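Architecture at a glance
Each chain, letter by letter, is given below.
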Amino acid sequence: MNTEKVAGKFDQVAGKIKQGVGEAIGNQKLANAGAAEQIKGAAKETWGNAKDTAGVVRDDSRAKAGAEAENLKYRADNTAHNVRDKATTTAQNIKNKVNEKLDNMKRDHR
């Protein structure tokens, strides 16, 4: 719980007391001030809740982004390995076929 939420709850309680006292003694100004303080407290508490929610969402988003980054790095590394493997295998196959043809040509011309 952050300070805005605590302050908001305190303002709401204080406002409720002021409003009650003002109504009990017939002081409209005090009762109105109490109602205004309750409204201010509700706004502070809501703002504090919004800040808490934003923090939770931020932390969750960071965690998900970190996990996704790890996943993407793994996939990129795996793809790079596969491409290198395919390229070297293809080069080896081409070398073998060319050497086979060259060996056949040598044999035919001896």
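In this text, all values refer to a predicted model and were calculated from it rather than measured experimentally.

1. A look at the overall build of the protein
Tallying secondary structure elements over the protein gives two helices and zero strands in all. Computed over the C-alpha atoms, the radius of gyration of the protein is 38 Å, more than 25% above the 13 Å expected from 2.2 N^0.38 for a compact globule of 110 residues. Each principal axis of the C-alpha atoms in the protein carries an extent, and together these give about 125 × 15 × 10 Å. Across the 110 residues in the protein, those meeting the buried criterion constitute 13%. Long-range pairs, those at least 24 residues apart, make up 58% of the contacts in the protein with a sequence separation of at least 6. Looking at the protein as shown, the accessible area adds up to about 8,700 Å², and 59% of this sits on carbon and sulfur atoms. Mean positive and mean negative side-chain charge positions of the protein (21 and 15 charges, respectively) differ by 4 Å.

2. A closer look at the pattern of salt bridges
Applying the stated rule across the entire model yields eight salt bridges. Across the salt bridge formed by Asp-52 and Lys-5, the nearest N and O atoms sit 3.2 Å from each other. Pair noted here: Asp-52 is in helix H2 (residues 28-108) and Lys-5 is in helix H1 (residues 3-25), with a separation of 47 residues, a long-range link.

3. Quick notes on the packing of H1 against H2
For the pair H1 and H2, the least separation of the axes is 7 Å and the interaxial angle reads 165°. Regarding the angle of H1 to H2, the classification is roughly antiparallel. In terms of crossing hand, the pair formed by H1 and H2 is left-handed. Its residues placed into classes, the contact of H1 with H2 shows nine nonpolar, ten polar and 13 charged.

Thresholds applied
- Residues numbered from 1 in each chain as written.
- Predicted model: local features only at pLDDT ≥ 70, side-chain atom pairs only at ≥ 80, totals over all residues.
- Heavy atoms only, no water.
- Helix = DSSP H or I, 4+ residues; strand = E, 2+ residues; numbered from the N terminus.
- Rg over C-alpha atoms; globule rule 2.2 N^0.38 Å.
- Buried < 20%, exposed > 50% of the residue type's maximum accessible area, 1.4 Å probe, protein only.
- Contact = heavy atoms within 4.5 Å.
- Areas by Shrake-Rupley, 256 points an atom, 1.4 Å probe, with all protein chains shown as cover.
- Lys, Arg positive; Asp, Glu negative; His and termini not counted.
- Charge placed at Lys NZ, Arg CZ, Asp CG, Glu CD.
- Salt bridge = Lys/Arg side-chain N within 4 Å of Asp/Glu carboxyl O.
- Axes fitted to C-alpha atoms, helices over the stretch in contact; angles between N-to-C directions.
- Parallel < 35°, antiparallel > 145°, perpendicular 65-115°, else oblique.
- Left-handed = near helix turned anticlockwise from the far one by under 90°.
- Nonpolar A, V, L, I, M, F, W, Y, C, P; charged D, E, K, R; others polar.

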